[in-house]
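Next come the chains, spelled out residue by residue.
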Amino acid sequence: EGGAPIRYRGADLFKPTREELFHATGIPERDENSAADAARMLIERCGFGAVVASPGHQGTMVVAADGSCRLEAVPKREIYDFSGVEDTMAAVMAASFACGLPLAAASRLAAIAFAVVSGKAGTAVAERKELIAFLGGEEAESRVSAE
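What you see is a predicted model; the values in this text were computed from it and never measured.

Considering the arrangement of structural elements, one finds Glu-86 in helix 3 (residues 85-98). By relative accessible area, Glu-86 is classed as partly exposed at 27%. Glu-86 sits 31 residues away from Val-117 along the chain, and the two C-alpha atoms are 10.0 Å apart. Contacts of Glu-86, omitting those with residues within four sequence positions, involve Lys-15, Pro-16, Thr-17 and Ser-54.

Next up, the structure:
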C-alpha cells in the first residue's frame, strides 16, 4: 500500500488527509471506526505518537499511541470553502505543540481553526481574536494574555 507515511517513521504526530489515511493502509473507508482502525495501523507500522485525521467535515479524530480515540467536533458554522483547511489544522497543531499544549488541547484548537477558516471564502487565516471568540470570548482573552 502507500509508502509515504513510512518516510515520517517515529514522528510525534502524523496528519494525513482522509484519502491518504485510507490509501496508506488499504483499509476500506466505511465509517468513523474504519478511520480509527487505519490510524491505529499507521501508529503501529510507523511508530507515530498520534495520528490526526479528518473523517469528514464533522470534526477531527485524534488517535494516540495507546490506542485511545477522541473525536473533536468542529464548532457549527456556515461553511464556504475548504481551501487550506488541512494546512491550517497542521499549522495549529504544530504551534500548539511548540507552546507545550497537550494533544487534546491542540486538537480542540485545530478543530476551531477549521471552523474559522472554512467559514471564509478562499484560502484564509484563523486570527487570534477569532480563535479566542470560539474559546469563550473575553474570559479566554484574559487567560491567554496572562500566560
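The strands making up a sheet are joined through hydrogen bonds of the backbone, oriented either antiparallel or parallel. What the three strands build is an open sheet, ordered 1-2-3; its pairing is antiparallel. Each edge of the open sheet is held by one strand with a lone partner, namely strand 1 (50-53) and strand 3 (69-73). Averaged over neighbouring strand pairs, the angle between their axes works out to 15° when direction is ignored. Direction of pairing for strand 2 (residues 59-64) relative to strand 3: antiparallel, over a ladder of five bridges. Within strand 3, the residue paired with Thr-60 across the bridge is Glu-72. Packing against the sheet, helix 4 (residues 103-118) makes contact with strand 1, strand 2 and strand 3, and its axis sits at approximately 30° to strand 3.

Scanning the entire structure with this criterion turns up six salt bridges. Salt-bridge contacts for Arg-18 lead to Glu-29; the nearest nitrogen and oxygen are separated by 2.2 Å. With a gap of eleven residues between them, Arg-18 in helix 1 (residues 18-25) and Glu-29 in the loop between helix 1 and helix 2 (32-46) connect regions that are remote in the sequence. The exposure class assigned to Glu-29 is partly exposed, which follows from its relative accessible area of 44%. Between Glu-72 and Arg-70 there is a salt bridge, with the nearest N and O atoms lying 3.0 Å from each other. Assessed through its relative accessible area of 7%, Glu-72 is described here as buried. It is possible to trace a salt-bridge network through shared partners that takes in Arg-70, Glu-72 and Arg-108.

What counts and how
- Residues numbered from 1 in each chain as written.
- Predicted model: local features only at pLDDT ≥ 70, side-chain atom pairs only at ≥ 80, totals over all residues.
- Heavy atoms only, no water.
- Helix = DSSP H or I, 4+ residues; strand = E, 2+ residues; numbered from the N terminus.
- Buried < 20%, exposed > 50% of the residue type's maximum accessible area, 1.4 Å probe, protein only.
- Contact = heavy atoms within 4.5 Å.
- Pairing = 2+ DSSP bridges.
- Axes fitted to C-alpha atoms, helices over the stretch in contact; angles between N-to-C directions.
- Salt bridge = Lys/Arg side-chain N within 4 Å of Asp/Glu carboxyl O.

Any link to function would need more than the numbers given here.
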